[in-house]
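# Summary of structural features
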Amino acid sequence: MDWGNVTVEDLVDALREVDWSSPPRPLSEFFSRFTVPKSFAKWDSRLKCNLYYYRTNYFIMIVFILGLGFLTRPLAILSALLTALSVAFLNDSFAGSFSEKATRTVRRFSPQLAAKMRPPLTPVIRGRPSAKRAIHICGQPRWVFVLIFSLVSFALWYISCGLFTVSLALLIGLLATILHASLRTPNLKARLNTFREEFRAVWRNYSEI
């Protein structure tokens, strides 16, 4: 996989489609070897490669930095969690897993309500879906949950007066992520055996539509 030919849109789509439930890479690997890229093309390829491969590590690092900034603002912690959920709902795998677990929990108390939380069926023509299946959460379109969680989190940010705190902490987290992704030398074995196949699997799904 030549990451230099992968556009930002392709990378964003792959991150949205891929499973984020995989455990983070070991710290011994995450902080293993750092070098300065020799050209802009190498930096661009390395940045995309590491953002995809270490996605879980970067997410945990950003959440940790945000947590340090919210030690004096408990309400802001709830705001951050709701914001993180609204962003996580944009990932297909997380949204589907969340919906399935929520439906399973509700089924224990109300099977009738759980039946209404099932996603609508996609019409099938000649053994293939007639259109790309839209993501639903608890029977509702995904954008409904993203909008509700975003509005509630924004209101809590306003009440807690923690908008400046989260902006500063988020900026530090993003800068730390970009700095690490720019200087961390990609693991050659992992590039050849692990995340390349994951990315190709996601790309294959797009080509079949």
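Residues numbered from 1 in each chain as written. Predicted model: local features only at pLDDT ≥ 70, side-chain atom pairs only at ≥ 80, totals over all residues. Heavy atoms only, no water.

An unreviewed UniProt entry annotates the protein chain as PRA1 family protein of Arabis nemorensis. Check the Function (unreviewed entry) section of the UniProt entry for the protein chain; it says "May be involved in both secretory and endocytic intracellular trafficking in the endosomal/prevacuolar compartments." Annotation of the protein chain in UniProt includes, under Sequence similarities (unreviewed entry), the sentence "Belongs to the PRA1 family." (UniProt positions renumbered as here; feature names shortened; annotations may be inferred.)

So, on to the UniProt feature "transmembrane region" (unreviewed entry) in the protein chain. The UniProt record marks residues 52–71, 77–98, 143–160 and 166–183 with the feature "transmembrane region" (unreviewed entry), using the residue numbering of this structure. This span, residues 52–71, is 85% helix and 0% strand, and a straight line between its end C-alpha atoms measures 30 Å. Secondary structure across residues 143–160 comprises 100% helix and 0% strand; the distance between its end C-alpha atoms is 25 Å. (Helix = DSSP H or I, 4+ residues; strand = E, 2+ residues; numbered from the N terminus.)

Over its 19 residues, helix 8 (residues 142–160) runs 27 Å from end to end, which matches the ideal 27 Å to within 8%, given 1.5 Å per residue. The complete set of buried residues in helix 8 reads Arg142, Phe145, Val146, Phe149, Ser153, Leu156, Trp157 and Ser160. Burial along helix 8 is one-sided: seen end-on, the buried residues are contained in an arc of 105 degrees. In helix 8, the exposed positions that point more than 90 degrees away from the buried face belong to Trp143, Leu151, Phe154, Tyr158 and Ile159. (Expected span 1.5 Å × (residues − 1). Buried < 20%, exposed > 50% of the residue type's maximum accessible area, 1.4 Å probe, protein only. Arc of directions from axis to C-beta.)

Core analysis: the biggest nonpolar cluster contains 16 residues, and Tyr54, Tyr58, Leu66, Phe70, Trp157 and Val166 have the highest contact counts within it. Only helix 3 (40–53), helix 4 (55–69), helix 5 (74–88) and helix 9 (163–183) provide two or more residues apiece to this core. With five residues, helix 4 is the single largest residue contributor to this core. Excluding anything up to four places from it in sequence, Phe70 contacts Ala76, Ile77, Ala80, Trp157, Thr165 and Val166. Counting 11 residues, the second-largest nonpolar core is a separate cluster that includes Phe145, Val146, Phe149 and Leu156. (Core = buried A, V, L, I, M, F, W, Y, C linked by side-chain atoms within 4.5 Å. Contact = heavy atoms within 4.5 Å.)

Okay, the environment of Asn50 next. Inspection of the secondary structure assignment puts Asn50 in helix 3. Overall, the relative accessible area of 0% leaves Asn50 in the buried class. Every residue in contact with Asn50, bar those within four places of it in the chain, is listed here: Arg55, Tyr58, His180, Ala181, Arg184 and Pro186.

A few words on the pattern of salt bridges. Considering all chains together, one arrives at three salt bridges under this definition. Where Asp44 meets Lys48, a salt bridge forms, and the shortest distance between an N and an O atom there is 3.0 Å. In this pair, Asp44 and Lys48 both sit in helix 3, four residues apart, roughly one turn of the helix. Comparing Asp44 with Lys48, the two get one shared label, buried. For Glu100, the salt bridge is made with Arg104, and the minimal N-O distance between the two is 2.7 Å. Here Arg104 and Glu100 lie together in helix 6 (residues 92–109), a separation of four residues that amounts to about one turn. (Salt bridge = Lys/Arg side-chain N within 4 Å of Asp/Glu carboxyl O.)

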